[in-house]
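# Summary of the model geometry
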Amino acid sequence: LAGIQIAAGALGNLLVPPAQASPASDIMSMFYASPAAKPKPPKATVTPQTRVDGYMKRLSYIETRIRNIPNAAGSPGRGYFQAFPAFSSEAIAASGGIDPRDSNYNRSAKAAAAWIRTYNKKAWAAIQAGRYDEADRLLRNTWPSLPGGSQAQKPEVQKAARKYLK
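Procedures and definitions
Residues numbered from 1 in each chain as written. Predicted model: local features only at pLDDT ≥ 70, side-chain atom pairs only at ≥ 80, totals over all residues. Heavy atoms only, no water. Helix = DSSP H or I, 4+ residues; strand = E, 2+ residues; numbered from the N terminus. Axes fitted to C-alpha atoms, helices over the stretch in contact; angles between N-to-C directions. Contact = heavy atoms within 4.5 Å. Nonpolar A, V, L, I, M, F, W, Y, C, P; charged D, E, K, R; others polar. Salt bridge = Lys/Arg side-chain N within 4 Å of Asp/Glu carboxyl O. Buried < 20%, exposed > 50% of the residue type's maximum accessible area, 1.4 Å probe, protein only.

A positive phi is found at Arg65, a non-glycine position, where the angle reads about 60°. With respect to the helices and strands, the residue Arg65 is situated in the loop between helix H3 (48–64) and helix H4 (85–95). A positive phi angle is found at Ile66, which is not glycine, with a value near 60°. Among the secondary structure elements, Ile66 is positioned in the loop between H3 and H4.

So, on to the packing of helix H5 (residues 105–119) against helix H6 (residues 121–129). The relative placement of two packed helices comes down to the angle between their axes together with the axis-to-axis distance. Interhelical geometry of H5 versus H6 gives an angle of 115° and a closest axis separation of 5 Å. Touching Ala113, Ile116, Arg117, Thr118 and Tyr119 of H5 are Lys121, Ala123, Trp124 and Ile127, all from H6. Its residues placed into classes, the contact of H5 with H6 shows six nonpolar, one polar and two charged.

What the rule picks out here adds up to five salt bridges. The residue Arg58 makes a salt bridge to Asp136 at a minimum N-O spacing of 2.7 Å. Note that Arg58 is positioned in helix H3 and Asp136 in helix H7 (residues 132–139), a separation of 78 residues in sequence. The exposure class assigned to Arg58 is buried, which follows from its relative accessible area of 1%. With relative accessibility at 2%, the residue Asp136 sits in the buried group.

Printed below as a string of structure tokens:
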């Protein structure tokens, strides 16, 4: 039996050119060390809520660069989303009492999102599905600074705001 093992080892070495011969352990380490052999990490799942959060951040960026602006002179729009009084009343009702003109961004975004969810269901579904251009089209009468709106922001502002979308 020992003679057969020695003969098989010798025969195996004869079939491989000396320059390519390497111990089995080296072959395995080369296999596992290659980038192709490493398992790729799973892609992060983008949830509908993540899309809503990103869209609201983008909307606030387009409107105010994510600043709480009072607009005391001129426009009746106030806050992160430049909410007009009628919009605010509807958003307060839709959100269970949160004013979209709140000085806290997260509360303000929650109220504005509740308004979209309640009063523009098609836009809400588009945002959750990641169809942001469709949502913009459906919401640009409410927020005319969105692309295609009557007061659309400059292309460089629109481009910068897209970083919030997932």
